[in-house]
Amino acid sequence: MATLTALDQVPVRVAPARRLPQLFAGLWLYGASMAMQIRATLGLNPWDVLHEGLEKRTGLSFGLITAITGVLVLLVWIPLKQKPGIGTIGNVVLIAVSVDVTLAILPAPGGLLPRITLMTLGIVLNAVAFAAYVGSRLGAGPRDGMVTGFCRRTGVSLRLTRTVVELVVLGTGWLLGGTVGIGTILYALGIGPLSQLFLPALTWRERSRPACGSPRT
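What you see is a predicted model, and the numbers here were worked out from it, not measured in a lab.

### Some details on the layout of surface pockets
When its volume is computed, the largest pocket comes out at roughly 560 Å³. In terms of lining residues, the largest pocket is bounded by 29 residues, among which Met34, His51, Thr66, Ile95 and Arg143 are the most central. Listing elements by their share of the lining of the largest pocket, those giving two or more residues are helix H1 (16-40), helix H2 (46-58), helix H3 (62-80), helix H4 (86-105), helix H5 (112-135) and helix H6 (142-154).

### Details of the packing of H1 against H5
The relative placement of two packed helices comes down to the angle between their axes together with the axis-to-axis distance. The contact between H1 and H5 brings their axes to 7 Å, and the two run at 160°. Compared by their axis directions, H1 and H5 come out roughly antiparallel. H1 and H5 meet at a crossing whose hand is left-handed. When the residues that make up the contact of H1 with H5 are grouped by side-chain class, the tally is 17 nonpolar, seven polar and two charged.

### Some thoughts on the packing of aromatic side chains
Scanning all chains against the criterion turns up two aromatic pairs. Measuring from ring centre to ring centre gives 5.9 Å for Tyr30 and Tyr133, while their planes differ by 85°; the resulting arrangement is edge-to-face. Taken together, the positions of Tyr30 in helix H1 and Tyr133 in helix H5 put the pair 103 residues apart, joining distant regions of the chain. Judged by its relative accessible area of 10%, Tyr30 is buried. The interplanar angle of 85° and the centroid separation of 6.2 Å between the aromatic rings of Phe130 and Tyr133 together place this pair among those described as edge-to-face. With Phe130 and Tyr133 both in helix H5 and three residues apart, the pair spans about one turn of that helix. Given the relative accessible area of 1%, Phe130 is considered buried. Through successive ring pairs, a cluster of aromatic residues spans Tyr30, Phe130 and Tyr133. Above the plane of the ring of Trp204 lies Arg19, whose end atom (NZ or CZ) is 4.9 Å from the centre.

### Let's talk about the environment of Leu23
Following the sequence through the fold, Leu23 ends up in helix H1. Note: C-alpha distance between Leu23 and Arg152 (129 residues apart in sequence) is 21 Å. Those residues in contact with Leu23, other than ones at most four positions away along the chain, are Ile86, Gly87, Tyr133, Ser136 and Leu138.

### Re the environment of Val76
Position of Val76 relative to the elements: it lies in helix H3. Along the sequence, Val76 and Phe198 sit 122 residues apart, while their C-alpha atoms lie 26 Å from each other.

Rules used in this analysis
- Counting restarts for each chain, with residues numbered from 1 along the sequence as it is written.
- A pLDDT threshold of at least 70 governs which residues receive local features in this predicted model, and a stricter bar of 80 or more applies before side-chain atom pairs are shown or counted, although totals over entire chains, interfaces and linings include all residues.
- Where side-chain values are given, they derive from all heavy atoms of the structure, hydrogens and water being excluded.
- Cavity means a closed set of points on a 1 Å grid over the protein atoms alone, one where a 1.4 Å probe fits but cannot get out, pocket means an open set with protein on both sides within 12 Å along at least 5 of 7 lines, and lining means a residue has an atom within 4 Å of a point.
- Grid points are joined across faces, edges and corners, and a volume is the space filled by probe spheres set on the points.
- Counting from the N terminus, the helices are the DSSP runs of H or I reaching at least four residues and the strands are the DSSP runs of E reaching at least two.
- The axes are straight lines fitted to the C-alpha atoms, using for helices just the contacting stretch, and the angles between their N-to-C directions are given from 0 to 180°.
- Orientation is classified from the angle alone, with under 35 degrees giving roughly parallel, over 145 giving roughly antiparallel, 65 to 115 giving roughly perpendicular, and any other angle giving oblique.
- If you view the pair so one helix is near and one far, a crossing is left-handed when the near helix is turned anticlockwise from the far one by less than a right angle, and right-handed when it is turned clockwise.
- Note on residue classes: Ala, Val, Leu, Ile, Met, Phe, Trp, Tyr, Cys and Pro are nonpolar, Asp, Glu, Lys and Arg are charged, and everything else, Gly too, is polar.
- Pairing of aromatic rings covers Phe, Tyr and Trp, the last through its six-membered ring, and needs centres within 6.5 Å; plane angles under 30 degrees mean stacked, over 60 mean edge-to-face, and all others mean tilted.
- A simple rule labels every residue: compare its accessible area, found with a 1.4 Å probe on the protein chains alone, to the largest value its type can have, and call it buried under 20%, exposed over 50%, or partly exposed in between.
- Comment: the charge-over-ring label is applied if NZ (Lys) or CZ (Arg) is within 6 Å of the ring centre and within 35 degrees of the ring normal.
- Whether two residues are in contact is decided by their heavy atoms: any pair within 4.5 Å suffices.

Here it is in structure tokens:
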């Protein structure tokens, strides 16, 4: 599949001025999109449903639960032969900061229509942000890396793989007491197709090097 070229990490020394801004922007927007869905109060995305469920069961903070879950998911990378990169570390740090900053400045909408609009924009932005930071080819985050790892090892499309993973996570979080709403369902069903839609356009591709003696274009 053509979109799987985004799974191949390229060393950070290659075109850093082009790829690092895309990585950081994608991670920041990913955190912002999460905050948008939280403020819409129409249901959390599947992973945050799981985080909230674990928070209720353990009494640990939401942020700590998120970090612990990320570490556990990274263990799944071992049999999938996924390698972490700078994007993996940035995912843990930058997204957390972005969520907090966005929540601090983004007010909760009052009416149902503004909430639906915010929820929809949050889901679409989440898919764009995912495609941007994964497409920088600097290393996926723990959860997205697990999804793309399954794609790479099985040959199953990103759309199907991510949708299945999100639905499994959603069910587990709901059983643990996490909050589920219409936004949760729409996210779980829509994020896979949307991500696959945006990924080709946002995937960085290295230009072919000219042959010796050939003029540069």
